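# Structural overview for review
Single-letter residue listing:
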Amino acid sequence: MDEQDPLASFRERFFIPKTKEGSKAIYFCGNSLGLQPRATALTIQQELKDWKNLGVEGHFHGSNPWFEYHKFLKPGLVELTGASDPSEVTPMGSLTTNLHLMMVSFYRPTQHRYKIIMESGAFPSDQYAIESQCRFHGLDPAQAIVELTPEPGKYYLETSRIIRSIEENSEQLALVLLSGVQYYSGQFFEIEPITRMGHDAGAYVGWDLAHAIGNVPLSLHQHQVDFAAWCSYKYLNSGPGGTAGIFVHKKHENEPDIPRFGGWWGYPETERFEMKKGFIPAKGADGWQVSNANILSMAAQKASLEIFLEAGITRIRDKSLLLTGYLEFLLNDLSHGLDKFKMITPDNPQNRGAQLSLLFNQEGSAIFRELTNSGIVVDWREPNIIRMAPAPLYNTFEEVYGFCQVLKTLIE
Ligand SMILES: *Cc1c(COP(=O)(O)O)cnc(C)c1O
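As a starting point, this report considers the structure included with it. Since the structure is predicted, the reported quantities are computational estimates derived from the model, not experimental observations.

Here we take up a nonpolar patch on the surface. On the surface, a nonpolar cluster with roughly 440 Å² of combined accessible area is contributed by Phe 60, Trp 264, Phe 273 and Met 275. Following the sequence through the fold, Trp 264 ends up in the loop between strand 8 (245-248) and helix 9 (295-311). We classify Trp 264 as partly exposed; its relative accessible area is 38%.

Pasting the structure below:
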């Protein structure tokens, strides 16, 4: 499979972390922090050079003028989000901050419509953001937030369960805010029908794509998603704490009166330096920008997005389905009759991305420790979960096989 893999050569474009013994680690943690492309240092170096040689002139006369640096990232973001054109996306800020900015615009509770549907056990930052937004509006989170829990005996949310909740709460529903790919279970939500049902109920629908972008193909424009936000350091390989991004659907591009927290970088570009009184938002997603861009971080993202554009998300997904499918096949094989762990990720490949999550019966933490000692990087989530995510741009079928051999020995 590695020999036949059309994306095989992309592995050479990344630095693979080393084990204590100096050999290459098996790195299945790209869902948490993606690996560094070899091109990243050069791309950052270029901006350091312009800063060194040009000083403030770098804003307009650098080789990649900083004033419009965010535009260099847009083609990659369009490819990965399924935006209709660059005006629907913009790289900016950080994920949780962007979720707040998006909720300022798209969660505007009224006396009768104030509820938010989210998944129970959402990533803590999302829980805190949503909870504090409710309080900001003077609402009791316990009243305003509807948390979806899986059916008894299930570990992920059936689409029918989500749709039922939307229907049950339709009179009071203001917003549906779910993750595209769930960080714990690895479930890839069905964005299209859920968004449609949310709209039918009269609510806005937004998605946290932290674990989805660069992992699964997205069609945010076509699926009429109101807004989305993501970070860039997971599957996007843009470095720890890297610049995040937002999508705002075109249908909202000409709504200057939509409430938002403004800043000078959201002001129309051509008149920004006239420094006039009175905030006017730029058209499209750019109108939500607040501060001038973190160029060194965006340079890292630029290097990474060029790789995504070259590989294409369709080919990445094709390989991912095979790679994760192979992992599942081997795990099923080795768990057979042993009852040591259970996979909590959906077994339908269409309902998951690269990640599989295993719930261990016992000794999970000891197995995790030994995997780490064997030079395998996966991650551990309380109470008893090991998550592993073979990333199609730099992981191989042979690594999946090697990982399962080690796991088999440990379990036996
Ligand atoms: C990784 C992740 C975050 C992290 O938020 P930051 O603001 O980047 O620290 C938030 N939400 C989800 C769902 C995540 O997976």
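From this point on, the discussion continues.
Attention shifts here to the sheet that holds strand 3 (residues 115-119). The seven strands lie next to each other as 2-8-7-6-5-3-4, forming an open sheet whose pairing is mixed. Pairing within the sheet leaves two strands with one partner each, and these edge strands are strand 2 (89-91) and strand 4 (145-148). Shown here is a sheet whose adjacent strand axes are inclined to one another by a mean of 15 degrees, direction ignored. Bridge analysis of strand 2 against strand 8 gives three bridges, and the strand direction is antiparallel. Paired with Val 89 across the strands is Phe 247, a residue of strand 8. Sitting on the sheet, helix 5 (residues 124-136) is in contact with strand 3, strand 4, strand 5 (173-179) and strand 6 (204-208), with an inclination near 170 degrees to strand 3.

Moving on: the packing of helix 11 (residues 364-373) against helix 12 (residues 397-411). Where helix 11 contacts helix 12, the two axes come as close as 10 Å, and the packing angle between them is 135 degrees. In terms of axis orientation, helix 11 runs oblique to helix 12. The way helix 11 lies across helix 12 gives a crossing that is right-handed. When helix 11 is examined against helix 12, the residues Ile 367, Glu 370 and Leu 371 are found in contact with a partner set consisting of Phe 403, Val 406, Leu 407, Leu 410 and Ile 411. Its residues assigned to classes, the contact of helix 11 with helix 12 comprises seven nonpolar, no polar and one charged.

The end-to-end C-alpha distance of helix 5 is 18 Å, a good match for the 18 Å that 13 residues give at a rise of 1.5 Å each. Buried positions along helix 5 lie against helix 4 (95-106), strand 3, helix 6 (141-144), strand 4, strand 5 and strand 6. At the C-terminal side of helix 5, Gly 138 shows a positive phi close to 75 degrees.

In this section: the sheet that holds strand 9 (residues 341-343). Read from one edge of the open sheet, four strands run 9-10-13-12, paired in antiparallel fashion. Each edge of the open sheet is held by one strand with a lone partner, namely strand 9 and strand 12 (379-381). Direction aside, the axes of adjacent strands within the sheet are offset by 30 degrees on average. As paired strands, strand 10 (residues 356-360) and strand 13 (residues 385-388) are joined by four bridges and run antiparallel to one another. Its bridge partner being in strand 13, Leu 358 is matched across the sheet by Ile 386. Across the face of the sheet, helix 10 (residues 313-335) comes into contact with strand 9, strand 10 and strand 13 while running at roughly 20 degrees to strand 10.

Following both chains from N to C, one finds helix 4 and helix 5 inclined at 30 degrees, their axes separated by 10 Å at the closest point. Judged by the sense of rotation from one axis to the other, the crossing of helix 4 with helix 5 is right-handed. Of the residues in helix 5, those touching helix 4 at Thr 96, Leu 99, His 100, Met 103 and Val 104 are Ser 125, Asp 126, Ala 129, Ile 130, Ser 132 and Gln 133. For the contact of helix 4 with helix 5, the per-class residue count stands at five nonpolar, five polar and one charged.

Calculation rules
Residues numbered from 1 in each chain as written. Predicted model: local features only at pLDDT ≥ 70, side-chain atom pairs only at ≥ 80, totals over all residues. Heavy atoms only, no water. Patch = residues over 30% accessible without salt bridge, like charges linked within 9 Å, V, L, I, M, F, W, Y side chains within 5 Å. Areas by Shrake-Rupley, 256 points an atom, 1.4 Å probe, with all protein chains shown as cover. Salt bridge = Lys/Arg side-chain N within 4 Å of Asp/Glu carboxyl O. Helix = DSSP H or I, 4+ residues; strand = E, 2+ residues; numbered from the N terminus. Buried < 20%, exposed > 50% of the residue type's maximum accessible area, 1.4 Å probe, protein only. Pairing = 2+ DSSP bridges. Axes fitted to C-alpha atoms, helices over the stretch in contact; angles between N-to-C directions. Contact = heavy atoms within 4.5 Å. Parallel < 35°, antiparallel > 145°, perpendicular 65-115°, else oblique. Left-handed = near helix turned anticlockwise from the far one by under 90°. Nonpolar A, V, L, I, M, F, W, Y, C, P; charged D, E, K, R; others polar. Expected span 1.5 Å × (residues − 1).

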